[in-house]
Structures are given as C-alpha cells and as structure tokens.
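Single-letter residue listing:
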Amino acid sequence: MAILLQNISNLLQVREQHIRKVSGIEMNELPSIKNGYLLIEDDTILDFGKMEDLGSINTDETIDCSGKIVLPTWCDSHTHIVYAGNREQEFVDRINGLTYEEIANRGGGILNSAKQLQATSEDELYKQSIRRIEEVMRLGTGAVEIKSGYGLTTEAELKMLRVIKRIKQDFPLKVKATFLGAHALPKKYKNDKAAYLDLIINDMLPKVAKEELAQFIDVFCEKGYFSVDDTNRILSASKQYHLIPKIHVNQFNAIGGIQVGVEHQALSVDHLEVLGNNDLEFLKKSDTMPVALPSCSYFLGIPYTPARTIIDCGLPLALATDYNPGSTPSGNMNFVVSTACIKMKMTPEEAINAATINGAYAMGIEAQYGSVTRGKKANLIITKKVPSYAFLPYAFGINHIDKVLINGRFV
Ligand code: NIG
Ligand code: FE
C-alpha cells in the first residue's frame, strides 16, 4: 500500500537518522520543507522532498495537502493512562480550598485511585483505558509511555501492567510500559515503609520481570512519598532485571532526585517544577532527558518547569502530558505544546522538538519515531489549513488536526 501526500505547505521535523535528540540552541531549529511531498509505503516513510522534485510514481492513494502542515505524531513519554474511575470530587475539593497535599493526607489522591483500581476487573480496566487511548490517538499521539502505580499490591500492579500489554498488542500506536510500584505508600504499610519496599523488591519486581511486563522502572521521589535512599534501593534492585529508570522528581521539592536518577543513568527525569542548586550540573554531565509536564502545572496551579533555564544552559527538554486522574486528567499533547509556548516561553520550534524527537528519546524509540526520516514509521499528523506552524500553539484549545496516520494507516 503506497500513499502519497502532496502539495504539503510545510513538512516539519525533517531529520537525518543519526539525530537522536536536540539540545540547547539546536532546539530552536525545526528543519522543514515548504511545498513538499511525502511517500508512505505500508507502515514506513519511504521518501519525501520538494514537489518540484517529485517524479512520476504509482500510488494507491494520493492526498492533497494544500495549505496544510504535516508533522510527526506526538511522542508522549509520561502517562498514567491506565486507571479506574476518576477523581473529579478532589478537583472540586481543591476549588473549595484544599491542597493536593491535604487531599492525599486524607487518603485521597493516589490511594483513592488505587482503591478504585483494586476493585476493578482487568477487562473493565482495559475497557476504561482504551477509550482514552483512542482519544489520544485522534489527538495526534502516535507513541505513549504508560505507567503502573495505581495498583500498589502485587496483584493489582500486575493487572495494570497486563492491561498495558494488551493495549500494546491491540493498538497501532507504540507503547512502552513502566513499573511504578513506588508511587505511594499503601495504608497497610503506613508505619512500615521498609516492608513495602521489600514487597516491591522481592515480590513485585521479579514477577514483573518474569512476565516481561515493563521496560522501565519509576519511583515517585518526593517528600512524603519515597526518599532518595528508597529510590536508590529500588533502582539498584531493578538493575538485575535490566529495567531502565525514568523517575518522578522535583515536583514539589528538590530533595536530590535528579542526582540519584543521573547516577543510575535514568533515561529521563520528569516533572522538575522546582530545581535545586546543582541539579542542572548533574544533568549536563548525563544522557538523561529532562521532561516537563505543563498540563500538570496548569491543573494543580503549581510552578511550571523552568524551560528557559534548562534549554538556555544547553540541555535538551521533552514535553509530555502526565495523563492521570489526579494531577492531569488530559492527554492532549496539542494543549501541552501550546501551554509550553504560552506559560514556559518555549518557542514553537522548541516545543515541537520537545514533543516529538525528544519525547521519542525519552522512551528509547528515537530510531523509529519522532521525526520525518526515511525508514522511520509513518506516524504523521496532517493539519487543517493553517497559515503557519506557529498558528498551532497560538490558537490554543482549538483542534487543528485534519487526519492522523499511525503505522501508515488513518486513525
Ligand atoms: O505525575 N506525581 C505523581 N504522580 C502523578 C499524579 C498522581 C495522582 O495524583 O494520581 C503525577 O502527577
Ligand atoms: Fe506522573
């Protein structure tokens, strides 16, 4: 099956295969082809170039993209998209004055979602989750990382990870799974954190590894959740199972999570709403991708990750949604890109790089996703007619997407 996209007003994020991520000042460049074409063969990008260089070719389908922009689908490297029920009552409680922390301390928050998930069957959890998967695909997401962490018992964590595995098998978008047993301390272990760490290390981890349910390991490294020492223990224990760290750090407090992540060669460190003095120095000496989650800041009313500081010191940055029932009940990467421009002063070029190639790097899939490159997967967004790519984040909250292609097929 060959599909030709022709008369593309601007084909964005055209990269050579060797580009794995972009950092610092490079993030402000978005290589593109005006008045271009792109040829898809089955699930792969076969060729692209300027319309004037398009020779005669046989295709099964030709799509006119006059006035439209074509870009790679979004790579959402941080989500908790598999969950049961919702927490809109906590949202109302926050409007009425309670803080996220106060709600968590009353047994709400992550423990509330864990209670709902434990009481939900695997099939029902799958059903609830795939509605969100279908929704984010229509919003232009072609690759997604999904975490466990709302189970908090061995059985319920495995249930979550099995649902993620089913999604991986049943849907065309690329899925990477992360084991996040250390998301919150279950009530039962309130006065015995050591016992919960033992459960994670000696029971959950070996079972997750045996069923090959995860590629990554995560810890919520935060005051009141898991300390730097706890994080260190869990990441050390996960090494024998070859799980690569991608961790929650610096959301509310800078307690040393970045350093411990870098020491364990984390693929990414995520959140970073608050930075400690030496945090950027640790990142500069690493291959770890910093990841910002602006919809979480928007929803909770907490500071935005200081993107300018991070990029201006030469570091890369990725953008992701954090889609979850507590801090970000939205998986809309278009909103993330817009909010990054509006609230974090990222340029449209930086935001699009952060949401595509750098997002792919933060999932370890940059060889096949995240840019318009010959041989990469044909995962593409075709916009409606728009005047320029800056219009996409500028006209926020509006759906600019005409069509989404994942693995060379229309969603
Ligand atoms: O990334 N910070 C930790 N975990 C999620 C939120 C968890 C929840 O409130 O359910 C996050 O924001
Ligand atoms: Fe998260």
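Residues numbered from 1 in each chain as written. Chains lettered and ligands numbered in written order. Predicted model: local features only at pLDDT ≥ 70, side-chain atom pairs only at ≥ 80, totals over all residues. Heavy atoms only, no water.

1. Some words on the overall build of the protein
Here comes step 1: Scanning the protein from terminus to terminus reveals 15 helices and 16 strands.
Here comes step 2: Principal axes of the C-alpha set define a box for the protein whose edges measure 70 × 45 × 45 Å.
Here comes step 3: Restricting to contacts in the protein with at least 6 residues of sequence separation, those with at least 24 account for 74%.
Here comes step 4: Taken together, the 44 basic and 48 acidic charged side chains of the protein have centroids lying 2 Å from each other. (Helix = DSSP H or I, 4+ residues; strand = E, 2+ residues; numbered from the N terminus. Contact = heavy atoms within 4.5 Å. Lys, Arg positive; Asp, Glu negative; His and termini not counted. Charge placed at Lys NZ, Arg CZ, Asp CG, Glu CD.)

2. With respect to the site of ligand 1
Here comes step 1: In the vicinity of ligand 1 there are 15 residues, among which Tyr 100, Tyr 150, His 183, Gln 251 and Ser 327 approach most closely.
Here comes step 2: One nitrogen or oxygen atom from the side chain of Arg 87 is found 2.8 Å from an oxygen atom belonging to ligand 1.
Here comes step 3: The separation between an oxygen atom of ligand 1 and a polar side-chain atom of His 248 is 3.0 Å. (Near = heavy atom within 4 Å. Polar contact = N/O pair within 3.5 Å; in protein donor to acceptor, adjacent residues only side chain to side chain.)

3. Structural notes on the sheet that holds strand 7 (residues 141-147)
Here comes step 1: An order of 6-7-8-9-10-11-12-13 is seen for the eight strands of this open sheet, with the pairing classed as parallel. This sheet does not close on itself; its edge strands, each paired only once, are strand 6 (74-76) and strand 13 (318-319).
Here comes step 2: Running at roughly 150° to strand 8 (residues 174-182), helix 6 (residues 193-210) makes contact with strand 8 and strand 9 (216-221) of the sheet.
Here comes step 3: Sitting on the sheet, helix 7 (residues 228-238) touches strand 8, strand 9 and strand 10 (244-249), and the angle it makes with strand 9 is about 170°. (Pairing = 2+ DSSP bridges. Axes fitted to C-alpha atoms, helices over the stretch in contact; angles between N-to-C directions.)

4. Looking at the domain arrangement of the protein
Here comes step 1: Looking at the assigned domains, one finds that the protein contains domain 1 (2-72 + 371-410) and domain 2 (75-361).
Here comes step 2: The centre of domain 1, based on its C-alpha atoms, is set 29 Å off from the matching centre of domain 2.
Here comes step 3: Contact with domain 1, which involves 30 residues of that partner, is made by 32 residues of domain 2.
Here comes step 4: Across the domain 1 to domain 2 interface the summed buried area is about 2300 Å²; carbon plus sulfur atoms make up 64%.
Here comes step 5: Seen at the junction of domain 1 and domain 2, the total is zero salt bridges.
Here comes step 6: For the pair domain 1 and domain 2, the number of links is 14 residue pairs in polar contact (both at pLDDT 80 or more).
Here comes step 7: For the side of domain 1 that touches domain 2, the secondary structure elements donating two or more residues are strand 5 (68-72), helix 15 (391-394) and strand 15 (401-406).
Here comes step 8: A breakdown of the residues in the side of domain 1 that touches domain 2 according to their chemical character gives 17 nonpolar, seven polar and six charged. (Domains from an automatic or database assignment. Buried area = accessible area lost by both parts, 1.4 Å probe. Salt bridge = Lys/Arg side-chain N within 4 Å of Asp/Glu carboxyl O. Nonpolar A, V, L, I, M, F, W, Y, C, P; charged D, E, K, R; others polar.)

5. A short note on the pairing of strand 11 (residues 268-271)
Here comes step 1: Here strand 10 runs beside strand 11; their pairing, made up of four bridges, is parallel. Residue pairing for strand 11: Ile 247 is matched across the bridge by Val 269.
Here comes step 2: Following the backbone out of strand 10, through helix 8 (residues 257-263) and into the adjacent parallel strand 11, one traces a crossover that is right-handed.
Here comes step 3: Note that strand 11 and strand 12 (residues 289-292) share three bridges and pair parallel. (Right-handed = clockwise from strand over helix to strand, strands pointing away.)

6. Brief notes about the coordination of the iron ion (ligand 2)
Here comes step 1: Only His 78 (NE2), His 80 (NE2), His 248 (NE2) and Asp 322 (OD) from the protein reach the iron ion (ligand 2) as donors, at distances of 2.1 to 2.2 Å.
Here comes step 2: Expressed as a motif, the donor residue spacing for the iron ion (ligand 2) is H-x1-H-x167-H-x73-D.
Here comes step 3: Look at His 78 and you get buried, because its relative accessible area is 0%. (Donors = N, O, S within 2.8 Å, 3.2 Å for Na, K, Ca; no water. Buried < 20%, exposed > 50% of the residue type's maximum accessible area, 1.4 Å probe, protein only.)

7. Digging into the environment of Leu 392
Here comes step 1: Tracing the backbone shows Leu 392 in helix 15.
Here comes step 2: Distance in space between the C-alpha atoms of Leu 392 and Tyr 241 is 42 Å, their sequence separation being 151 residues.
Here comes step 3: Filtering out sequence-adjacent residues up to four positions away, Leu 392 remains in contact with Ser 338, Thr 383, Val 386 and His 400.

8. Overview of the packing of helix 5 (residues 154-170) against helix 6
Here comes step 1: In contact at an axis separation of 10 Å, helix 5 and helix 6 are set at 35° when each is read in the N-to-C sense. Crossing handedness for the pair helix 5 and helix 6: right-handed. Together, Thr 154, Glu 157, Leu 158 and Leu 161 of helix 5 and Leu 199, Asp 203, Met 204, Lys 207 and Val 208 of helix 6 make up the contact between the two elements. (Left-handed = near helix turned anticlockwise from the far one by under 90°.)

9. So, the packing of helix 12 (residues 333-344) against helix 13 (residues 348-355)
Here comes step 1: At a minimum axis distance of 9 Å, the contact between helix 12 and helix 13 shows a crossing angle of 140°. Of the possible angle classes, the one that applies to helix 12 and helix 13 is oblique. The two elements helix 12 and helix 13 cross, and the hand of that crossing is right-handed. Of the residues in helix 13, those touching helix 12 at Met 333, Val 337, Ala 340 and Cys 341 are Pro 348, Ala 351 and Ala 355. (Parallel < 35°, antiparallel > 145°, perpendicular 65-115°, else oblique.)

10. Side note on the packing of aromatic side chains
The description of an aromatic ring pair uses the distance of the two centres, along with the angle that the planes make with each other.
Here comes step 1: The final tally for this structure, using the stated rule, is eight aromatic pairs.
Here comes step 2: Measuring from ring centre to ring centre gives 6.3 Å for Tyr 83 and Tyr 323, while their planes differ by 75°; the resulting arrangement is edge-to-face. In this pair, Tyr 83 is assigned in the loop between strand 6 and helix 1 (88-95) and Tyr 323 in the loop between strand 13 and helix 12, connecting sequence segments 240 residues apart.
Here comes step 3: Judged by its relative accessible area of 2%, Tyr 83 falls in the buried class.
Here comes step 4: For Tyr 323, a relative accessible area of 5% corresponds to the buried category.
Here comes step 5: Ring centres of Phe 91 and Phe 299 lie 5.4 Å apart, and the angle between their planes is 15°; on these two criteria the pair is classed as stacked. Taken as a pair, Phe 91 in helix 1 and Phe 299 in helix 10 (residues 294-300) lie far apart in primary sequence, 208 residues in all. (Phe/Tyr/Trp six-rings, centres within 6.5 Å; stacked < 30°, edge-to-face > 60°.)

11. What about helix 3 (residues 110-118)?
Here comes step 1: Along helix 3, the positions that sit buried rather than exposed are Ile 110, Ser 113, Ala 114 and Leu 117. Here the buried residues of helix 3 occupy an arc of 105° about the axis, which is enough to place them on one side. (Arc of directions from axis to C-beta.)

12. Re unusual backbone geometry
Here comes step 1: You will see that Lys 345, though not glycine, has its phi angle at about 60°, which is positive.
Here comes step 2: Overall, the relative accessible area of 56% leaves Lys 345 in the exposed class.
Here comes step 3: If you check the backbone angles, Asn 407 has positive phi at about 50° while not being a glycine.
Here comes step 4: Tracing the chain through its elements places Asn 407 in the loop between strand 15 and strand 16 (409-410).

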